[in-house]
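Per-entry structural report
Given next are the chains, with one letter for each unit.
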Amino acid sequence: MVSSTLAEEKVGYPDEEEEEEEAVPRRAKWWYSTFHTVTAMVGAGVLSLPYAMAHLGWGPGTFFMGISWCITLYTMWLMVQFHEIVPGRRFDRYHELGQYAFGPKLGLWIVLPQQLIVQVGCDIVYMVTGGKCLKKFVDIVCPTCTPLRQTHWICIFGSLHFFLAQLPNINSVSAVSLAAAVMSLSYSTISWAACLNHGAVPDVSYAYRKTSPEDTMFRVFNALGQISFAYAGQAVALEIQATIPSTPEKPSKIPMWRGAVLAYFITAICYFPTAMVGYWAFGQDVDDNVLITLRRPGWLIAAANLMVVVHVIGSYQVYAMPVFDMIETNLVKRYGIPKGLPLRLLVRTTYVGLTLFVGVTFPFFGDLLGFFGGFGFAPTSYFLPCILWLVLKKPSRFSRSWLINWGCIVVGVFVMFASTIGGLRNIITDASTYTFYS
């Protein structure tokens, strides 16, 4: 369903004058999509994969990780194709694509809440991750220093983003994003290599944790969400592709897909060794952040925690920039507020402050991963692109494309409901025994 408003919009590739007026200049190279996608995907979630394996076990855990990688690689391909699915027009934002498929009002309500959950949820989790890893780093390198509360470290980490958030757009954080991508590969390698060097702990157990049947079920559900949290690039795929130049002879989908495939290869060599080796070394006793479980060698674990801090600095901005752009564009159009530094200070400072407040209040790393992984990540990464493909491309019933897309939808919907319920229940349970702002 295409609304008349959308159909009447100007079709054509922007000329140089129009390009200068765009919010995001289209000058990125294909490898920009690689490190932006790696930064968006390989984040805090990789450190919880051994913990997810501890609740799922070797067989189910390995299977779900593998099927998630395949499904989300496929839906990433769909997103790349969607960007210029209408000849001469570019969908620079996820919700614009939803409006084209479902109409201006329904499409906005279907896509925008899910995308915001992913982007805001990631930023909240990255606040918690950055603060915890910064605390761990200082505790290792300076054991005699006066210890600070975890809350204080999260605030210290969050204060940096009040300044970084004032950068104009996603291209302006390319250097930070590149550094973050390098850090993600580095600390992932360190985490599984350190686990391998550590070896299996004495009397390591790979049995399921002995808790009540209800708790076991909810923890398994939450583990599904933790794995789905690790695959989040689709939420910002269109925004990343929007920075790549495109012509009828050289459409942006070619360099974007090349970069995305490389990003998924890097993702695989980060995720699978970390999950498998971390679970092998610690079994059911692994923490929800494997770097917290590791104790030696001290200098290496300290370096890895510092790398995580650098990475989540970049990841926070990659997810925050599209939110900033959406809010500021809406304020300019609706209220005529002029663009510039005053608007950026108001919007971005408020956003950083809100995500910091929620992160400080609910610093439950594993539970947050599971909840946001199911509530927001499963729809945007697992099945919403498939629904859009069925609506826009209309493959014949029972064709290969039709069956693949429906298979992804069934898996994604199950993960969404299961992990959302599990994550929310675990947050409530853990909050009941937690001293807030401790």
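Residues numbered from 1 in each chain as written. Predicted model: local features only at pLDDT ≥ 70, side-chain atom pairs only at ≥ 80, totals over all residues. Heavy atoms only, no water.

**Points about the confidence of the model for the protein chain**
The cut-off we apply is this: On a range of 0 to 100, pLDDT expresses the predictor's confidence in each residue. Throughout, a residue-residue contact means that at least one pair of heavy atoms, one from each residue, lies within 4.5 Å.
Confidence along the protein chain averages 81 in pLDDT terms, with 87% of residues attaining 70 or more. Below a pLDDT of 50 lies the segment residues 1-23, which in the model reaches 29 contacts outside its immediate sequence neighbourhood of four places, other chains included.

**Quick notes on the nonpolar core**
Formally: Buried Ala, Val, Leu, Ile, Met, Phe, Trp, Tyr and Cys residues that are joined via side-chain atoms within 4.5 Å together make up what is termed a nonpolar core. Under the scheme applied here, a residue whose accessible area is under 20% of the maximum for its type counts as buried, over 50% as exposed, and between as partly exposed, the area being computed with a 1.4 Å probe on protein chains only. Numbering of helices and strands runs from the N terminus, with a helix taken as a DSSP run of H or I at least four residues long and a strand as a DSSP run of E at least two residues long.
Leu 49, Ile 227, Tyr 231, Tyr 271, Tyr 319 and Leu 388 are the most contacted members of the largest nonpolar core, which totals 115 residues. If you tally residues by element for this core, the top one is helix 14 (residues 298-335), at 15 residues.

**Examining the side chain of His 95**
With respect to the secondary-structure elements, His 95 resides in helix 6 (residues 94-102). When its relative accessible area of 11% is taken as the criterion, His 95 is described as buried. Not counting residues within four places of it along the chain, the set of residues in contact with His 95 comprises Leu 108, Val 111, Leu 112, Gln 115 and Met 326.

**Considerations on helix 14**
The line we're drawing: To estimate the expected span of a helix, count its residues, drop one, and scale the result by 1.5 Å. Bend is the name given here to the angle between axes fitted to two runs of seven residues, the run ending at a residue and the run starting at it.
Helix length check: helix 14, at 38 residues, gives a terminal C-alpha distance of 54 Å against a target of 56 Å (1.5 Å per residue), a fit within 8%. Maximal helix bending in helix 14 amounts to about 30°, located at Ala 320; proline Pro 322 follows within four positions. The buried count for helix 14 comes to 27 of 38 residues, which makes it a mostly enclosed element. In the stretch just after helix 14, Gly 336 is the one whose phi turns positive, near 70°.

**Some words on the UniProt feature "transmembrane region" (unreviewed entry) in the protein chain**
As a reminder, the rule being used: UniProt positions are given in the numbering used here, feature names are shortened, and annotations may be inferred rather than shown by experiment.
Per the UniProt entry, the sites bearing "transmembrane region" (unreviewed entry) are residues 30-52, 58-80, 261-282, 302-324, 345-365, 371-391 and 403-428 in this numbering. Annotation note: span residues 261-282, helix share 100%, strand share 0%, distance between end C-alpha atoms 32 Å. As a span, residues 302-324 carries 100% helix and 0% strand, and end to end its C-alpha atoms are 33 Å apart.

**Observations regarding helix 6**
Most of helix 6 sits out of view: nine of its nine residues are buried. Just beyond helix 6, the residue with positive phi is Gly 103, at close to 105°.

**Let's talk about the packing of aromatic side chains**
For clarity, the threshold we go by: Only the six-membered ring of Trp is used, alongside the rings of Phe and Tyr, when aromatic pairs are assigned; centres must lie within 6.5 Å, and planes under 30 degrees apart are stacked while those over 60 apart are edge-to-face, with the rest tilted.
Per the counting criterion, the structure on display carries 13 aromatic pairs. A ring pair is formed by Phe 82 and Trp 389, whose centres lie 5.7 Å apart and whose planes are at 55°; its orientation type is tilted. Remark: Trp 389 occurs in helix 16 (residues 365-393) and Phe 82 occurs in helix 5 (residues 58-82); sequence separation between them is 307 residues. Exposure remark for Trp 389: the relative accessible area of 11% places this residue in the buried category. Through pairs of rings, three or more aromatic residues link up here, namely Tyr 74, Trp 77, Phe 82 and Trp 389.

**Notes on the pattern of salt bridges**
Our working definition: Between Lys or Arg on one side and Asp or Glu on the other, a salt bridge is scored when a side-chain nitrogen of the former is within 4 Å of a carboxyl oxygen of the latter.
In the structure shown here, the tally under the stated rule is four salt bridges. The partner of Lys 135 in a salt bridge is Asp 139, with the nearest N and O atoms 3.0 Å apart. Taken as a pair, Lys 135 and Asp 139 lie in helix 7 (residues 104-141) at a separation of four residues, close to a single helical turn. Since its relative accessible area comes to 22%, Lys 135 is described here as partly exposed. Across the pair Glu 328 and Arg 348 runs a salt bridge whose closest N-O atoms are separated by 2.7 Å. With Glu 328 in helix 14 and Arg 348 in helix 15 (residues 341-361), this residue pair connects regions lying 20 residues apart in the sequence.

**Here we look at the state of the cysteines**
To keep things clear, this is the line we draw: The disulfide criterion used throughout: a pair of cysteine sulfur atoms within 2.5 Å.
Applying the stated criterion to the full structure yields one disulfide. Here Cys 142 pairs with Cys 145 through a disulfide, and the sulfurs are 1.6 Å apart. Looking down the S-S bond of the Cys 142 and Cys 145 bridge, the torsion is 75°, so its handedness is right-handed.

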